[in-house]
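Fold and contact review
Spelled out, the chains give:
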Amino acid sequence: MIHTLEVRVLDPRFGTQWPLPEYATPGSAALDLRAAIDAPLRLEPGDAALLPSGLAIHVADPGLCALVLPRSGLGHKHGIVLGNGTGLIDADYQGPLLISIWNRGIAAFVIEPGDRIAQLLLVPIVRAALQVVDTFEHSARGSGGFGHTGVR
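These remarks concern the structure in this document.

Further remarks concern the pairing of strand 2 (residues 31-34). Remark: a regular strand shows side chains that alternate across the two faces of the sheet. Residues Leu31 and Leu33 line one face of strand 2 and the alternating positions Asp32 and Arg34 line the opposite face, and both faces are buried. Here strand 2 runs beside strand 10 (residues 116-124); their pairing, made up of four bridges, is antiparallel. Paired with Leu31 across the strands is Leu120, a residue of strand 10.

Moving on: the sheet that holds strand 2. Taking strand neighbours across the sheet as the criterion, the four strands line up as 2-10-5-7 in an open arrangement whose pairing is antiparallel. The open sheet terminates on both sides in strands that have one partner only, identified here as strand 2 and strand 7 (87-89). Across the sheet, the mean angle separating the axes of adjacent strands is 30° when strand polarity is ignored. Examined bridge by bridge, strand 5 (residues 64-70) and strand 7 share three bridges and lie antiparallel to one another. For Val68, the partnering residue across the bridge sits in strand 7 and is Gly87.

It is characteristic of soluble globular proteins that their nonpolar side chains tend to be buried jointly. Counting 26 residues, the largest nonpolar core has Leu51, Ile57, Val68, Ile99, Ile101, Ile111 and Leu120 as the members making the most contacts within it. Of all the secondary structure elements, the ones that give two or more residues to this core are strand 2, strand 4 (48-58), strand 5, strand 6 (80-82), strand 8 (96-103), strand 9 (109-111) and strand 10.

Below, the discussion takes up the side chain of Ser53. Positionally, Ser53 belongs in strand 4. By relative accessible area, Ser53 is classed as buried at 0%. A polar side-chain atom of Ser53 sits 3.2 Å from the main-chain amide nitrogen of Leu55. Residues in contact with Ser53, not counting those within four places in the same chain, are Phe14, Arg34, Ala36, Leu97 and Ile99.

This brings us to the environment of Tyr23. Mapped onto the secondary structure, Tyr23 falls in the loop between strand 1 (6-9) and strand 2. For Tyr23, a relative accessible area of 44% corresponds to the partly exposed category. Filtering out sequence-adjacent residues up to four positions away, Tyr23 remains in contact with Ser28, Ala29, Ala30 and Leu31.

Calculation criteria
Residues numbered from 1 in each chain as written. Predicted model: local features only at pLDDT ≥ 70, side-chain atom pairs only at ≥ 80, totals over all residues. Heavy atoms only, no water. Buried < 20%, exposed > 50% of the residue type's maximum accessible area, 1.4 Å probe, protein only. Helix = DSSP H or I, 4+ residues; strand = E, 2+ residues; numbered from the N terminus. Pairing = 2+ DSSP bridges. Axes fitted to C-alpha atoms, helices over the stretch in contact; angles between N-to-C directions. Core = buried A, V, L, I, M, F, W, Y, C linked by side-chain atoms within 4.5 Å. Polar contact = N/O pair within 3.5 Å; in protein donor to acceptor, adjacent residues only side chain to side chain. Contact = heavy atoms within 4.5 Å.

Function cannot be inferred from these measures alone, as they are strictly geometric.
The following block contains the structure:
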């Protein structure tokens with residue numbers, strides 16, 4: 001299913017120097033987001049920065065939201081992940097799309113203008129109506145928490 005996502009271009013380099021976000025392969029689930037910065041940014045280990053994507057989006061459909069996720073290669077190879085773990089973009093948000101980047105690695109990393117630094121995924125929303133109960137119907141897991149099924 002294809003959903004139309006409204007996008008405002010905030011950085012004029014999109015469409016000239018950089019393409020609009022796109023799916024890297026036919027099977028890709030998310031759109032690549034770029035660092036719309038004016039100069040290279042050196043992130044030392046432990047440093048975090050809030051980077052502009054150069055775009056604003058409006059999901060519009062209250063049955064959807066957008067998630068900003070790290071790029072797996074940057075995280076695994078260089079320790080570059082999102083400072084907030086995952087970014088949540090509500091359907092009614094229309095402001096600039098900002099990306100919190102954190103270097104959890106052991107070496108400095110340089111982000112160049114236009115580098116693909118994160119990805120944007122649209123996901124469906126299921127809203128819950130809370131029902132207060134005194135007890136839960138028994139399940140096989142029950143209240144078993146962290147590590148309750150063993151180490152391996």
